[in-house]
Every structure is written in structure tokens, then in C-alpha cells.
Amino acid sequence: MSFFELAMKRCSIRSYQDKPIAPEQLQAVLEAGRLAPTGKNHQPQRLLVVQSPEGLEKIAKATLTKNAYSAKAAIIVYADVNDCWIRSFDSHCIYEIDASIVTTYMMMEATEQGLGSLWVARFDPKILQEEFHAPESYIPVAILCLGYAEPQTVKSSERYKTERKPLSETVWYESF
């Protein structure tokens, strides 16, 4: 499958089948995250895999959803702010950028593995910190829900023809 085919196949899934994820599929998703580039190769990502019903309930509590979208697994993507590259021009710690790249790689590999995924950014970070006993320097950036999509929730790749702005509205050359 080409990258464009993979990108168009991926869609946000909010309802999953009651079927556990095969360990080798989850391992492939995690490996994709490990391969993701990070600023100066600092690799500040700290990935917490949650599969137990109790753990998924904690995620549901943090996201204010009934059941964490019925996912069979979720990866909470934390970034260690003590281990991120700091841009010299403005002293900006790029942990959110690094964690986002890692999450994107894992999301795309989940699609390659035949899994549905949902990138969740709407969560209460305090609840995640407390419920999962994360060190103070670990900041939650994203939750990646995973599972086998309910067939009716899979969207057609044709949606990109109407749901995305044309390049002429988002791309400039040389100057704005």
C-alpha cells in the first residue's frame, strides 16, 4: 500500500469490536513510535499501554466519555519535559512536537495493521497524572485509542475530496 493509500484509509474510529488486539500488532504499533524522529534524537516520549478494563475506565474518566470509545487498548503518549530538545533561539522545549510525531507514526502503523484508531486530545491531564501515577515531568500529550473498527464506522477515502481544503487555501510559496 502506498503512503497516500494508507493516509486516505485512516479515519477516526469511535466504536470498536469486542475483539482483543493481537500482541504482535500492538508491538508493531509501538515499534513504529520508536522509529519516529524527535528533536536532536532526544526521544522524550514515554508510552503507557493500557489494556485492562480498569485502566480503560480511568481513561474514560479523564476524557469524560462513557467507555473510552470502547477501545480494546489505548496508548497514553507522555513526554518527559526533562528529556526534550530545547530550541536555542527562544528556549522552547519541543516535547509536544516530538510526541505528536510519535503518535502519528503509531496511528499510521495501526492503520497498516488493520486496526482502527482515534487520536484523543480532549482529556484532563491531572486525572491521567493521578490515575496512572505518572512522574511530574511526564506531561500527557495524546491518547491513541486502538481496536478493530466496527465496520459501519469506517469512512470512505472519497471524503478527502470534500472534507479537505484545496492546497490553494493552505499553501503559499516564498511569502504570504
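Counting restarts for each chain: residues are numbered from 1 in the order of the written sequence. In view of the model being predicted, local features appear only for residues whose pLDDT reaches at least 70, and side-chain atom pairs are presented and counted only at 80 or more, with totals across whole chains, interfaces and linings using the full set of residues. Side-chain metrics in this entry use all non-hydrogen atoms of the structure; hydrogen atoms and water are not considered.

Counted as salt bridges are all cases of a side-chain nitrogen of Lys or Arg within 4 Å of a carboxyl oxygen of Asp or Glu. With the rule as written, the count across this model stands at 7 salt bridges. Here Lys-72 and Asp-18 are joined by a salt bridge, their closest N and O atoms 3.3 Å apart. Within this pair, whereas Lys-72 is found in the loop between helix 3 (53-63) and strand 2 (73-80), its partner Asp-18 is found in the loop between helix 1 (3-9) and helix 2 (23-35), the two being separated by 54 residues in sequence. Using a 1.4 Å probe on the protein chains alone, a residue whose accessible area is under 20% of its type maximum counts as buried, one over 50% counts as exposed, and one in between counts as partly exposed. Look at Lys-72 and you get partly exposed, because its relative accessible area is 24%. Across the pair Arg-87 and Asp-90 runs a salt bridge, and its minimum N-O distance is 2.9 Å. Given a relative accessible area of 30%, Arg-87 falls into the partly exposed group. Note on conventions: DSSP H or I runs of at least 4 residues are helices, E runs of at least 2 residues are strands, and numbering of each starts at the N terminus.

Patch membership requires over 30% relative accessible area and the absence of a salt bridge. Like charges are linked within 9 Å, and nonpolar side chains (Val, Leu, Ile, Met, Phe, Trp, Tyr) within 5 Å. Here the Shrake-Rupley method, with its probe set to 1.4 Å, supplies the accessible areas, and only the displayed protein chains count as covering residues. There is a patch of nonpolar side chains on the surface, built from Phe-3, Phe-4 and Met-8 and spanning about 360 Å² of accessible area. By secondary structure assignment, the location of Phe-4 is in helix 1. By relative accessible area, Phe-4 is classed as exposed at 63%.

Here the focus is the packing of aromatic side chains. The aromatic pairing rule takes the rings of Phe, Tyr and Trp, using the six-membered ring of Trp, and pairs them if the centres are within 6.5 Å, calling planes under 30 degrees apart stacked, those over 60 edge-to-face and the rest tilted. Taken as a whole and judged by the stated rule, the model has 3 aromatic pairs. Seen from their ring centres, Tyr-78 and Tyr-138 are 6.5 Å apart, and the 50° between their planes marks the pair as tilted. Taken together, the positions of Tyr-78 in strand 2 and Tyr-138 in strand 6 (residues 138-147) put the pair 60 residues apart, joining distant regions of the chain. Taking relative accessible area as the criterion, Tyr-78 reaches 2% and is therefore assigned buried. The exposure class of Tyr-138 is partly exposed, given its relative accessible area of 22%.

With that settled, consider the state of the cysteines. Two cysteine sulfur atoms form a disulfide, by the criterion used here, when they sit within 2.5 Å. Evaluated as defined, the whole model comprises 1 disulfide. A sulfur-sulfur distance of 1.7 Å marks the disulfide that ties Cys-84 to Cys-93. In this structure the cystine formed by Cys-84 and Cys-93 twists about its S-S bond by roughly -125°; its chirality is therefore left-handed. For the residue pair Cys-84 and Cys-93, the accessibility class agrees, reading buried in each case. Residue Cys-11 stays outside any disulfide, its sulfur separated by 14 Å from that of Cys-145, the closest cysteine. The class of Cys-145 is buried, set by a relative accessible area of 1%.

Our next topic: the packing of helix 3 against helix 5 (residues 125-132). To describe two helices that pack against each other, one gives the angle between their axes and the distance between the axes. Fitting a line to C-alpha atoms yields each axis, with helices limited to the stretch in contact; the angle taken between N-to-C directions then spans 0 to 180 degrees. One can describe the packing of helix 3 onto helix 5 by two numbers: an axis separation of 8 Å at closest approach and a directional angle of 155°. Judged by the angle between their axes, helix 3 and helix 5 are roughly antiparallel. In the crossing of helix 3 with helix 5, the sense of the turn from one axis to the other is right-handed. Contacts from Gly-55, Lys-58, Ile-59, Lys-61 and Ala-62 in helix 3 reach Ile-127, Leu-128, Glu-131 and Phe-132 in helix 5. Taken together, the residues that form the contact of helix 3 with helix 5 break down as 5 nonpolar, 1 polar and 3 charged. Note that the term roughly parallel is reserved for angles under 35 degrees, roughly antiparallel for angles over 145, roughly perpendicular for angles of 65 to 115, and oblique for everything else. When the near helix sits turned anticlockwise from the far one by under a right angle, the crossing is termed left-handed; a clockwise turn instead gives a right-handed crossing. Contacts between residues were defined by any pair of non-hydrogen atoms, one from each residue, lying within 4.5 Å. Residues are grouped as follows: nonpolar covers Ala, Val, Leu, Ile, Met, Phe, Trp, Tyr, Cys and Pro; charged covers Asp, Glu, Lys and Arg; every other residue, Gly included, is treated as polar.

On to the packing of helix 2 against helix 4 (residues 95-112), then. It is at 8 Å that the axes of helix 2 and helix 4 come closest, and there the two elements cross at 145°. Both helix 2 and helix 4 take part in a crossing whose hand is right-handed. Counted together, Ala-28, Val-29, Leu-30, Ala-32, Gly-33 and Leu-35 of helix 2 and Val-102, Tyr-105, Met-106, Glu-109 and Ala-110 of helix 4 form the full contact between these two elements. Of the residues belonging to the contact of helix 2 with helix 4, the class tally is 9 nonpolar, 1 polar and 1 charged.

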